Amino acid sequence: MTIRIDYTNMLAGAVAGGIPAAAWEGAQRDFGAAHAAVQQLRKSGALGFLDLPRDRALHDQSRDFAKRVRGKFDDVVLLGIGGSALGPVALHSALNKRDWNTLTKKERSGRPRFHVLDNVDPGTIGHLMGRLELERTLFVVISKSGGTAETMAQYLVVRGALNERFGAGAREHLVFVTDPAKGALRDIAKHEGVATLDIPPNVGGRFSVLTPVGILPAALLGMKTAQLLAGAADMEKRCRSGVLRENPGAVFGTLQWLADTALGRGTHVLMPYSDKLRDLAPWFVQLWAESLGKHRAEGDAGFGPTPLAARGATDQHSQVQLFMEGTPNKTVSFIQLGEHPVDVPIPKLHQDVPELAYLGGHHLGELIDIERRATAGALARRGRPNLTIHADHADEWHVGALIMLLEVATIYAGHLYGVNPLNQPGVELGKQFTYAMLGRADADAARREWEKLPKPDPDASV
Ligand code: PA5
């Protein structure tokens, strides 16, 4: 059970466009300051996500609820957006059997199907609501703030349908995951006795996958949640080290920051070579983007890297051309599995056709690994820095460890970039404009601001 980062191809010794040895040596000093700041922040209680792997009481909230409702529901529908949806989606694709919702109940070991509504596209919600058997459906409403417009709108749609069908019994089909004390969801729950699980106040949305945000759906679907947390705990311990080379989270964060600030490589691609791990990439994109893209001071130009999600080997036939020959402003981080849970032999057929003959006798798992190595090598050859995160398996333990690794990396990167990785002030104005247009009572200032914006220019329209 190991996670290992091979960053040979990030360094100038191996790759012409890589990080010079002196810069990597010098980074130990920058890391020292970032590490001290992170330790301080941890002491202040601001980094609650680091304590989640050992929070038994919080883990029990999810386990107990899942045990209590076992067998009662055939469908679980998650309502949430951003950090309240991307983590559960990543866990589901990594750890459940493929095509879960099309399997029989027996093949799902009696566990429910799983649906995630992370948008307010009426087509998607309307379609799902029309197909569900409400008597056998549980809605998990996830919102840290308890008031996000998209999630609340979804909740109202669902609640309307539940009220109509079950009256006061509607609450038996609901569970909320939210702040323990604050917010509209918590108030509704108190008032109406809806079951509610906690997101600790010191854990922000995009760092919350190891709270009931991710652990409750995981427990409902039968994943080994203790193993997820054990993998995360192991990685968290490794990431306490004040020695840069021994701290995987710091190594990942520092390398990406250096690549950006010393080499102008500020586009950071995460590319798992595994279908199971594919949704870790969009989860990372949100984590990296929302944590690191922001102002350092009021009115400055703005800072931060641009994350990109890709999947190997599929994107070798899409984005890799850009990574190889496009603007040299990127790093690529691969994730490679040590072992594929199932492997498939490639039959030796058409031995007289050279384009096919060389494939026969190999395995698909071998092919995908070789393709990753070939892509990494080709990028290196062209002077394009890349690294590989090796995970022995795509199981709960390793997924928990990968999550913690990337979360810790984000915190270090925030300190190195000089931004606060825990807030997201940039999304506020858009939210306020939405409130203004929907007539929310407390949005007068935003309404005035909105009205000052230039009106659509007919000459700028085609
Ligand atoms: O990371 C974050 O804080 C955000 O992406 C939130 O997860 C997202 O805005 C949803 O917020 P909430 O969970 O409060 O509904």
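The shown structure was predicted, so the numbers you read here are calculated from the model rather than taken from an experiment. Position numbers for residues count from 1 along each chain, tracking the sequence in the order it is written. Only residues with pLDDT of 70 or above have their local features reported here, since the model is predicted, and side-chain atom pairs are shown and tallied only from 80 upward, although totals for entire chains, interfaces and linings are computed over all residues. Hydrogens and waters are ignored; side-chain quantities use all the structure's heavy atoms.

A. Focus on the site of the ligand. It suffices for a single heavy atom of a residue to lie within 4 Å of a molecule or strand for the residue to be listed as near it. With respect to spatial proximity, 13 residues lie near the ligand, and among them S84, S143, S145, T148 and Q286 are the closest. Side-chain polar atom of Q286 to an oxygen atom of the ligand: 2.6 Å apart, as the coordinates give it. All accessible areas in this document rest on Shrake-Rupley with a 1.4 Å probe, and a residue is counted as covered only by the protein chains that are shown. When the free accessible area of the ligand is taken as 380 Å², the share hidden by the protein chains comes to 87%. The classification used treats Ala, Val, Leu, Ile, Met, Phe, Trp, Tyr, Cys and Pro as nonpolar, Asp, Glu, Lys and Arg as charged, and all other residues, Gly among them, as polar. Its residues assigned to classes, the shell around the ligand shows one nonpolar, nine polar and three charged. Each polar contact in these results corresponds to two N or O atoms within 3.5 Å; when the atoms are within protein, one needs to be able to donate a hydrogen and the other to accept it, and residues that are neighboring in sequence are counted only if both atoms are side-chain atoms.

B. Summary view of the sheet that holds strand β7 (residues 267-272). With respect to topology, five strands assemble into an open sheet ordered β1-β10-β9-β7-β8, the strand pairing being mixed. Strands at the two margins of the open sheet, each flanked by one partner only, are β1 (3-6) and β8 (306-309). On average, each strand axis in the sheet is tilted by 20° relative to the strand beside it, whichever way the strands run. Packing of helix α10 (residues 280-292) onto the sheet brings it into contact with β7, β8 and β9 (330-337), and relative to β8 it is tilted by some 170°. Contacts are assigned to residue pairs with any non-hydrogen atoms lying within 4.5 Å of each other. Here the axes come from fitting lines to C-alpha atoms, over the contacting stretch only for helices, and the angles between their N-to-C directions go from 0 to 180 degrees. The helix count covers DSSP runs of H or I at least four residues long, the strand count covers runs of E at least two residues long, and both are numbered beginning at the N terminus. Packed onto the sheet, helix α14 (residues 396-417) meets β1, β7, β9 and β10 (386-391) and runs at close to 45° relative to β1. Two strands qualify as a pair provided that DSSP identifies no fewer than 2 bridges between them.

C. Main features of the nonpolar core. We define the nonpolar core as a collection of buried residues of types Ala, Val, Leu, Ile, Met, Phe, Trp, Tyr and Cys that are connected through side-chain atoms lying within 4.5 Å of one another. Throughout this description, buried means an accessible area under 20% of the type-specific maximum (1.4 Å probe, protein chains only), exposed means over 50%, and partly exposed covers the range between. Counting residues in each nonpolar core, the largest one holds 91 residues, and the members touching the most others are F49 and L210. Counting contributing residues, this core receives three or more from each of domain 1 (3-42 + 229-417) and domain 2 (49-224). Ignoring anything within four residues of it in the chain, the contact list for F49 reads N202, V203, F207, M404, E407, V408 and I411. In terms of nonpolar packing, the next biggest core, distinct from the first, is built from 20 residues, L162, L174, F176 and A189 among them. Marked domain ranges trace back to an automatic or database domain assignment.

D. Up close: the pattern of salt bridges. Any Lys or Arg side-chain nitrogen found within 4 Å of a carboxyl oxygen on Asp or Glu counts as a salt bridge. One pass over the full model with this rule turns up 20 salt bridges. Note that R54 is salt-bridged to E236, the shortest N-O span being 2.7 Å. Linking R54 in the loop between α1 (21-43) and α2 (56-69) with E236 in helix α8 (residues 225-238), this pair joins segments that are 182 residues apart in sequence. The partly exposed category is assigned to R54, whose relative accessible area is 42%. On the basis of relative accessibility, which here comes to 1%, the residue E236 falls in the buried class. In this structure, R186 engages D198 in a salt bridge whose closest nitrogen and oxygen atoms are separated by 2.7 Å.

E. Main features of the sheet that holds strand β3 (residues 113-117). Taken in spatial order, the five strands make up an open sheet running β3-β2-β4-β5-β6, and their pairing is parallel. With partners counted over all chains shown, the strands left at the sheet margins are β3 and β6 (195-198), one partner each. The sheet shows a mean angle of 20° between the axes of neighbouring strands, direction not considered. As paired elements, strand β5 (residues 174-178) and β6 share four bridges and run parallel to each other. Looking at β6, one finds that T178 is bridged to D198.

F. Examining a nonpolar patch on the surface more closely. To count toward a patch, a residue needs a relative accessible area above 30% and no salt bridge. Like charges then connect within 9 Å, nonpolar side chains (Val, Leu, Ile, Met, Phe, Trp, Tyr) within 5 Å. The grouping of M437, W450 and L453 at the surface amounts to a nonpolar patch, some 280 Å² of accessible area in total. Residue classification places L453 among the partly exposed positions, given a relative accessible area of 36%.

G. Structural view of the packing of aromatic side chains. A pair of aromatic rings is counted whenever rings of Phe, Tyr or Trp (Trp by its six-membered ring) have centres within 6.5 Å, and the orientation is called stacked for planes under 30 degrees apart, edge-to-face for over 60 and tilted otherwise. The tally for this structure, following the rule as stated, stands at nine aromatic pairs. Summarising the aromatic geometry, the rings of Y7 and W24 are spaced 5.5 Å apart at their centres and angled 65° between planes, so their arrangement reads as edge-to-face. Here Y7, found in the loop between β1 and α1, pairs with W24, found in helix α1; they are 17 residues apart in sequence, far enough to count as distant. This pair shows no difference in class: Y7 is buried, exactly as W24 is.

H. Inspection of the domain arrangement of the protein chain at higher detail. The assigned domain composition of the protein chain is domain 1 (3-42 + 229-417) and domain 2 (49-224). For domain 1 versus domain 2, the separation of C-alpha centres amounts to 30 Å. Contact with domain 1, which involves 30 residues of that partner, is made by 26 residues of domain 2. When two parts are brought into contact, each loses some accessible area as probed by a 1.4 Å sphere; the total of that loss over both is the buried area. With both chains or domains summed, domain 1 and domain 2 bury close to 2500 Å², and 64% of this area falls on carbon and sulfur atoms. Of all residues in domain 1, the largest losses of buried area upon contact with domain 2 belong to L229, K276 and E396, amounting jointly to 30% of the total for that side. Across the pair E290 and R206 runs a salt bridge whose closest N-O atoms are separated by 3.5 Å. The tally of links from domain 1 across to domain 2 stands at seven residue pairs in polar contact (both at pLDDT 80 or more). Where the side of domain 1 that touches domain 2 is concerned, the elements lending two or more residues are α8, α10 and α14.

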